[in-house]
Amino acid sequence: MDDFSTFLASRRSTRDFLPEPVPMEMIEQIIEDGLTAPSWSNTRPFVVAIATGEVRDRLSEEFLRRWNAVKDFRGSGIFRKIGSIFRRYGFPTSNWLVVKKYHKDLLPRSRKIGKDLYAHMEIEREDKEARDGFWARNYEFFGAPVELFLFTHKSLGKFAASDAGLFMQNLILSAHSKGLGTCPQGAVAVWEDAVREEFEISKNYSLLCGICVGYPSQDSINEFGANRIPPSEIIPPLKR
Ligand SMILES: Cc1cc2nc3c(=O)[nH]c(=O)nc-3n(C[C@H](O)[C@H](O)[C@H](O)COP(=O)(O)O)c2cc1C
């Protein structure tokens, strides 16, 4: 049991990868391991699209184009802004929640991870260009050769998201046990239409997030350890 706790604690999100490809049998194995997770009435209400090679590169290029359009929009004057609003290129086509401000219950935790991560990378809070540059790395999948896109069945709402989360965690831990790194990516969930251009996916499913997979590099970003809150923070007190 202690070994298992140590194993769990040793997993961290990977944000810089080697270009070395991951064998398809390994990707299939981590997906198979993902499917050993519990599921609502065993329905497995999700699909996982695998982007490698040209598909991965095309999606990364399209995401980067859209991200650049977002940056141009932010820095442009009123007339160009109006034009952009009509074109809508780069605007989220799905999951606006990703770009919404956090609720005050959660904001301090989200601020802390941002502050700690940028401090680790020696990026100043005011250095918008460096922060944007780091965010853009999401759209390069942090250099990972594999990007998985996880879609959930719309009919089951949060239960489908819960099942997909269980699947994702098993998959992530399986990858970790094989020396692979992963990073779940809400950042890619805003442009579902681009992913649909590449894969045959039923309209009954919607994009939850991406997960990049590959071999971690030695970059210091991969030494970052996100803080852990104590269990007491998530256990409500008894009423009496
Ligand atoms: C659904 C989900 C979406 C995430 N999206 C992103 C993302 O877009 N970019 C990123 O760098 N990290 C993303 N993360 C990683 C979290 O920031 C990370 O899990 C958290 O800070 C805890 O760090 P750890 O995974 O290293 O333990 C995401 C995690 C989850 C579960």
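Residues numbered from 1 in each chain as written. Predicted model: local features only at pLDDT ≥ 70, side-chain atom pairs only at ≥ 80, totals over all residues.

Focus on the overall build of the protein chain
Alright, step 1. A count of helices and strands for the protein chain gives eight helices and four strands.
Alright, step 2. Going from N to C terminus, the protein chain has its helices and strands arranged as α-α-β-α-α-α-α-β-α-β-α-β.
Alright, step 3. Scaling as 2.2 N^0.38, a compact globule of 240 residues should have a C-alpha radius of gyration of about 18 Å, and the protein chain matches this with 19 Å.
Alright, step 4. Along the first, second and third principal axes, the C-alpha atoms of the protein chain reach 60 × 45 × 45 Å.
Alright, step 5. The buried share of the protein chain, taken over its 240 residues, is 23%.
Alright, step 6. Put simply, 83% of the contacts in the protein chain that link residues at least 6 apart link residues at least 24 apart. (Helix = DSSP H or I, 4+ residues; strand = E, 2+ residues; numbered from the N terminus. Rg over C-alpha atoms; globule rule 2.2 N^0.38 Å. Buried ≥ 20, exposed ≤ 12 C-beta atoms within 10 Å, placed from the backbone. Contact = placed C-beta atoms within 7 Å.)

Quick notes on the site of the ligand
Alright, step 1. Close contacts around the ligand come from Arg 12, Ser 13, Arg 15, Ile 113, Asn 138, Cys 183, Pro 184, Gln 185, Gly 186, Ala 187, Cys 209 and Ala 226, and that covers them all.
Alright, step 2. Looking at the shell around the ligand, the element that brings in the most residues is strand E3 (residues 181-185), giving three residues.
Alright, step 3. For the shell around the ligand, a count of residues per class yields six nonpolar, four polar and two charged. (Near = placed C-beta within 6 Å. Nonpolar A, V, L, I, M, F, W, Y, C, P; charged D, E, K, R; others polar.)

Quick notes on the pairing of strand E2 (residues 146-153)
Alright, step 1. The buried fraction of E2 is high, at eight of eight residues.
Alright, step 2. Residues Val 146, Leu 148, Leu 150 and Thr 152 line one face of E2 and the alternating positions Glu 147, Phe 149, Phe 151 and His 153 line the opposite face, and both faces are buried.
Alright, step 3. Where strand E1 (residues 46-51) and E2 come together, six bridges link them in antiparallel fashion. Of the residues in E2, the one forming a bridge with Ile 50 is Leu 148. (Pairing = 2+ DSSP bridges.)

Considerations on the nonpolar core
Alright, step 1. Phe 149, Leu 150, Cys 212 and Val 213 are the most contacted members of the largest nonpolar core, which totals 38 residues.
Alright, step 2. Put simply, the parts of the chain that give this core at least two residues each are E1, helix H3 (53-75), E2, helix H7 (157-177) and strand E4 (205-214).
Alright, step 3. Each residue touching Cys 212, except ones within four places of it in the same chain, is listed here: Phe 17, Phe 141, Phe 142, Ala 144, Val 146, Glu 147, Thr 182, Cys 183 and Gln 185. (Core = buried A, V, L, I, M, F, W, Y, C linked by C-beta atoms within 7 Å.)

A look at the environment of Ala 189
Alright, step 1. With respect to the element layout, Ala 189 can be found in the loop between E3 and helix H8 (192-196).
Alright, step 2. Note: C-alpha distance between Ala 189 and Leu 97 (92 residues apart in sequence) is 9.6 Å.

Things to note about the packing of helix H2 (residues 24-34) against H7
Alright, step 1. Where H2 contacts H7, the two axes come as close as 7 Å, and the packing angle between them is 135°. In terms of orientation, H2 lies oblique with respect to H7. For the crossing formed where H2 meets H7, the hand is right-handed. Within the contact between the two elements, H2 uses Ile 30, Ile 31, Asp 33 and Gly 34 and H7 uses Phe 167, Met 168, Asn 170, Leu 171, Ser 174 and Ala 175.
Alright, step 2. Split into classes, the residues belonging to the contact of H2 with H7 amount to six nonpolar, three polar and one charged. (Axes fitted to C-alpha atoms, helices over the stretch in contact; angles between N-to-C directions. Parallel < 35°, antiparallel > 145°, perpendicular 65-115°, else oblique. Left-handed = near helix turned anticlockwise from the far one by under 90°.)

Some details on the sheet that holds E4
Alright, step 1. Spatially, four strands are ordered E1-E2-E4-E3 in an open sheet, and the strand pairing comes out antiparallel. Each having just a single partner strand, E1 and E3 make up the two edges of the open sheet. Strand-to-strand twist of the sheet, defined as the mean angle between neighbouring strand axes without regard to direction, takes the value 25°.

Quick look at unusual backbone geometry
Alright, step 1. Although it is not a glycine, Arg 44 adopts a positive phi angle of roughly 45°.
Alright, step 2. On the basis of neighbour count, Arg 44 is assigned to the partly exposed category, with 16 C-beta atoms found within 10 Å.
Alright, step 3. In this structure, Phe 141 takes a positive phi of about 55° despite not being glycine.
Alright, step 4. In this structure, Phe 141 sits in the loop between helix H6 (128-137) and E2.

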